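Residue-level listing of the chains:
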Amino acid sequence: MNVNKLNGNKVIHNIGLEKGEAMRLFFALIGFSAAIFCSCGYTVVKISDTESRPVGPPPGWPVQYPSSRYLTGIGVSSTSWGMWVALQRASDDARAEIARTIESRVESRRELFMRSSSSSGHLDDRSNRILRAESHNLSSFTRVSTDQIVSGIEFKEKHHDQSERVLYVLAALDRVAASERLERQIKEFDYRTALLREQARKQEGAQDLLVAAQLYRKALGASLQADVLRQQASVLDPRSESRTDSRYSSAELAVKLGALLGSMELSITGNRLGAIEGAIQQAMAGAGFSVRESSAKSTGLTLRCNLNTTCYPVLDLNSKQGSYMCLLSLGVKIVDNRTGRIAGETILLANSNAGNQASARDRALRLLRREVKEKLLEAFYEALSIKASR
């Protein structure tokens, strides 16, 4: 009886020790998690009842690199995986912060530019559609230009908080130097815009309206790219706006291109086009062309379209069941009614499969209509492939 009682007391005593250790471990983990969480910002971590210390990058960094001269970003990374990994991650984080700042401010300025252009009264509906359609093609150019800007970033400072095992890296971009590089690029794009505009005027005077339209479009593209660079330069240095004013505005070129396309009637011919013909008309009308059932004008264009459908049975190896595959190809030849020559041609493709031939063809048609709406206009211009030197 006594042995059992001693064993019972011993067991109770051991359990009491385990509970105490668990509680101490629990509060220790809470303290460690709070320290790690607070190390991500400019906060204060409580060390004891009598003292506290700041956690974050040195407070002198903003003073050493004022926002009037530098665009800065601070990257943070834990050193748990080693200093080299932490340095790479913190550096990438700092660089990305600067890139995000530039992109967000440029996007705000671009939206303001588009709203002001649309509400100014200088753009009619056709020109407004052209300007917005061409502006949507600038995403890739903007990303490349931003990457070129951030390539000039210098990593000025780093700070290792050993107690918190956190590394801070400060990246700085010299606003003036980066803006000056952009201004040189702006001058190049402005020169290209002026050259293309002059070539377009000459072709328009010679009544080669097709060539003139393509050259005006190239001029508009170059002008919009220059606008992106201007917006980026003004984000870096507001004084650059007065140094990079352009002789030709993008809105002016959109109006000119819209008027020219509006004077060129476009007809669509072809057999068995069905619903595809409506998609073609919608795509070209959205670009500013005056689409007609037939074009009697010698200055007009004709799209000769040929839709081919190929369907065949296939075996699904997974389900062991038969199905149908349908391939659709839309061939488009661009005919200049003034000369009768084929100015260019392109082809759009779509395919789909289904349990029966009718469903497979319907799905492929839906995909082809989407291809027409999204890609026909660009394919149309690329098919013409008119060089600026022409």
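Structure shown above.
Residues numbered from 1 in each chain as written. Predicted model: local features only at pLDDT ≥ 70, side-chain atom pairs only at ≥ 80, totals over all residues. Heavy atoms only, no water.

### As for the overall build of the protein
Then step 1. Assigned secondary structure in the protein consists of ten helices and ten strands.
Then step 2. Looking at the protein as a whole, 40% of its 390 residues are labelled buried.
Then step 3. Look at the contacts in the protein between residues 6 or more apart in sequence, and 70% of them connect residues 24 or more apart.
Then step 4. By element, 52% of the accessible surface of the protein is carried by carbon and sulfur atoms, the whole surface being about 22,100 Å². (Helix = DSSP H or I, 4+ residues; strand = E, 2+ residues; numbered from the N terminus. Buried < 20%, exposed > 50% of the residue type's maximum accessible area, 1.4 Å probe, protein only. Contact = heavy atoms within 4.5 Å. Areas by Shrake-Rupley, 256 points an atom, 1.4 Å probe, with all protein chains shown as cover.)

### Overview of helix α9 (residues 275–286)
Then step 1. When the terminal C-alpha atoms of α9 are compared, their 17 Å separation across twelve residues agrees well with the 16 Å that a helix rising 1.5 Å per residue should span.
Then step 2. Those residues of α9 not exposed but buried are I276, A279, I280, A283 and M284. Buried residues in α9, looked at end-on, bunch into an arc of 125°, giving them a common side. (Expected span 1.5 Å × (residues − 1). Arc of directions from axis to C-beta.)

### Focus on the packing of aromatic side chains
Then step 1. Following the criterion strictly, the structure yields two aromatic pairs and no others.
Then step 2. For the ring pair Y65 and Y70, a centre distance of 5.5 Å and an interplane angle of 75° mean the geometry is edge-to-face. Residues Y65 and Y70 agree in their burial class; the two are buried.
Then step 3. With 5.6 Å between their ring centres and 80° between their planes, F141 and F189 make a pair best called edge-to-face. Of the two residues, F141 is situated in helix α5 (residues 139–150) and F189 in helix α6 (residues 175–205); the sequence distance between them amounts to 48 residues.
Then step 4. Judged by relative accessible area, F141 falls into the buried class, the value being 19%. (Phe/Tyr/Trp six-rings, centres within 6.5 Å; stacked < 30°, edge-to-face > 60°.)

### Notes on the sheet that holds strand β3 (residues 70–78)
Then step 1. The strand order across the open sheet formed by three strands is β3-β5-β4, and the pairing between neighbours is antiparallel. The open sheet has two free edges, formed respectively by β3 and β4 (154–161), since each of these has just one partner strand. Neighbouring strand axes in the sheet, compared pairwise and without regard to direction, differ in orientation by 20° on average.
Then step 2. Taken strand by strand, α6 contacts β3 and β5 (166–174), and its axis lies near 50° from that of β5. (Pairing = 2+ DSSP bridges. Axes fitted to C-alpha atoms, helices over the stretch in contact; angles between N-to-C directions.)

### Some thoughts on the environment of A254
Then step 1. If you trace the backbone, A254 turns up in helix α8 (residues 250–262).
Then step 2. In this structure the C-alpha to C-alpha distance between A254 and L220, which are 34 residues apart in sequence, comes to 6.7 Å.
Then step 3. For A254, the residues in contact, after removing those within four places along its chain, are L123, S127, I130, L131 and L220.

### Considering α8
Then step 1. With 13 residues, α8 ought to run about 18 Å at 1.5 Å a step, and its terminal C-alpha atoms sit 18 Å apart, in line with that.
Then step 2. Every buried residue belonging to α8 is among S250, A251, L253, A254, L257, G258, L260 and L261, and all of these are buried.

### A short note on the pattern of salt bridges
Then step 1. Within the structure shown, the criterion is met by ten salt bridges.
Then step 2. R230 is the partner of D190 in a salt bridge, and the nearest nitrogen-oxygen pair spans 2.6 Å. Pair noted here: D190 is in helix α6 and R230 is in helix α7 (residues 209–236), with a separation of 40 residues, a long-range link. Across the pair, R230 and D190 agree in class, each one buried.
Then step 3. Residue R239 pairs with D237 through a salt bridge whose shortest N-O separation is 3.1 Å.
Then step 4. The network of salt bridges with shared partners includes D190, D227 and R230. (Salt bridge = Lys/Arg side-chain N within 4 Å of Asp/Glu carboxyl O.)

### Focus on the state of the cysteines
Then step 1. Scanning the entire structure with this criterion turns up one disulfide.
Then step 2. What pairs with C311 in a disulfide is C326, and their sulfur atoms sit 1.8 Å apart. Judged by the sign of its S-S torsion, about 105°, the bond between C311 and C326 is right-handed. Residue C311 is found in strand β8 (residues 301–316), and its partner C326 is found in strand β9 (residues 321–336); the two are separated by 15 residues along the sequence. (Disulfide = S-S within 2.5 Å.)

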